[in-house]
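The lines below spell out each chain.
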Amino acid sequence: MKAINIVKYVFTIIGIGMLVGAFFAFQSTNSFLQNATETQGVVIQMLESRSSSSSDNSITYKPVVEFTDKNGEQFQFTSTVSSNPPSYSVNEKVDVIYNPDAPNKAKIKGFFSLWGLSTILGGMGLVFALIGFGIIISGIKKKKMHNHLKLHGTKVETDFQNVTLNTSIAVNGKNPFVVVSQWLNPKTSELHIFTSDNIWFDPTDFIKTEKINVLIDRDNPKKYVVDLSFLPKVAE
């Protein structure tokens, strides 16, 4: 289905984009620290920050910090990091890092204040990229196995069992159908259950036979492809 093909590329692109963003955020913080000076400041206010989501009215708190630079001039800044419960309290002393050439762009000396953005972007980007690449690589391996079995696989005639929904996958609220058949291996007397690839229409009315051909790897019947070439193709 086109939707799944779109999803894998969207996840991959979003993941790569986030990883690039994480890299630049890391570089920005690293560059800031190389030119920064450390001093001590004090929290003078906890600023309320309300979620912009209409369905979420949660409130978080950002510390407003005041500090004096090496020239004796006072500056104030609001941390970009908010939390609930508040991470700081009014009149609490905090370590401050600032660039002498731009004291108004100061940060609280803390892991999340400095590296929070790159950490979040990097973590989320890695997850999205792994999912996207995982789907792509899985599809490539599956296609390669199918092509190999179509050329070198052993054809076995299996007994058609039923058509059922694959509830582990849903696209736009719809589950794909799969064809299920079984085959008793005469050499091992083991019963093998075969499940077809996902089908995005109900194939029940098009299955007029009690036998379904399956191509298997004779050395490993767990590698197989159910032959559904008799089903009509969905118009683009």
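Our subject is the structure listed above.
All values derive from a computational prediction rather than experimental measurement.

Attention now goes to the nonpolar core. Considering soluble globular proteins, one finds that nonpolar side chains tend to be buried as a cluster. Core analysis: the biggest nonpolar cluster contains 14 residues, and F194, I199, V214, I216, Y224, V226 and L228 have the highest contact counts within it. Mapped by element, the contributors of at least two residues to this core are β7 (177-184), β9 (211-217) and β10 (220-226). Excluding residues within four positions of it along the chain, L228 makes contact with V179, S196 and I199. Judged by nonpolar contacts, the second largest core, of 11 residues, contains V43, F67, A106 and I108.

Reported here for the second largest pocket is a volume of approximately 250 Å³. What lines the second largest pocket is a set of 15 residues, among which T80, S113, L114, G116 and L117 lie closest to the centre. Elements that contribute at least two residues to the lining of the second largest pocket include exactly α1 (2-34) and α2 (111-152). If one sorts the elements of the lining of the second largest pocket by residue count, α2 sits on top with 8 residues. Of the residues assigned to the lining of the second largest pocket, the class counts are 8 nonpolar, 6 polar and 1 charged.

Below, the discussion takes up the pattern of salt bridges. Across all of its chains, the model carries 3 salt bridges by this definition. Here K109 ties to E38 by a salt bridge, and the two come within 3.1 Å at their closest N and O atoms. Of this pair, K109 sits in the loop between β5 (102-108) and α2 while E38 sits in strand β1 (residues 37-50), and the two are 71 residues apart along the sequence. With relative accessibility at 42%, the residue K109 sits in the partly exposed group. Taking relative accessible area as the criterion, E38 reaches 44% and is therefore assigned partly exposed.

Parameters and conventions
- Residues numbered from 1 in each chain as written.
- Predicted model: local features only at pLDDT ≥ 70, side-chain atom pairs only at ≥ 80, totals over all residues.
- Heavy atoms only, no water.
- Core = buried A, V, L, I, M, F, W, Y, C linked by side-chain atoms within 4.5 Å.
- Buried < 20%, exposed > 50% of the residue type's maximum accessible area, 1.4 Å probe, protein only.
- Helix = DSSP H or I, 4+ residues; strand = E, 2+ residues; numbered from the N terminus.
- Contact = heavy atoms within 4.5 Å.
- 1 Å grid on protein atoms, 1.4 Å probe; cavity = no way out; pocket = protein on both sides within 12 Å on 5 of 7 lines; lining within 4 Å.
- Points joined across faces, edges and corners; volume = space filled by probe spheres on them.
- Nonpolar A, V, L, I, M, F, W, Y, C, P; charged D, E, K, R; others polar.
- Salt bridge = Lys/Arg side-chain N within 4 Å of Asp/Glu carboxyl O.

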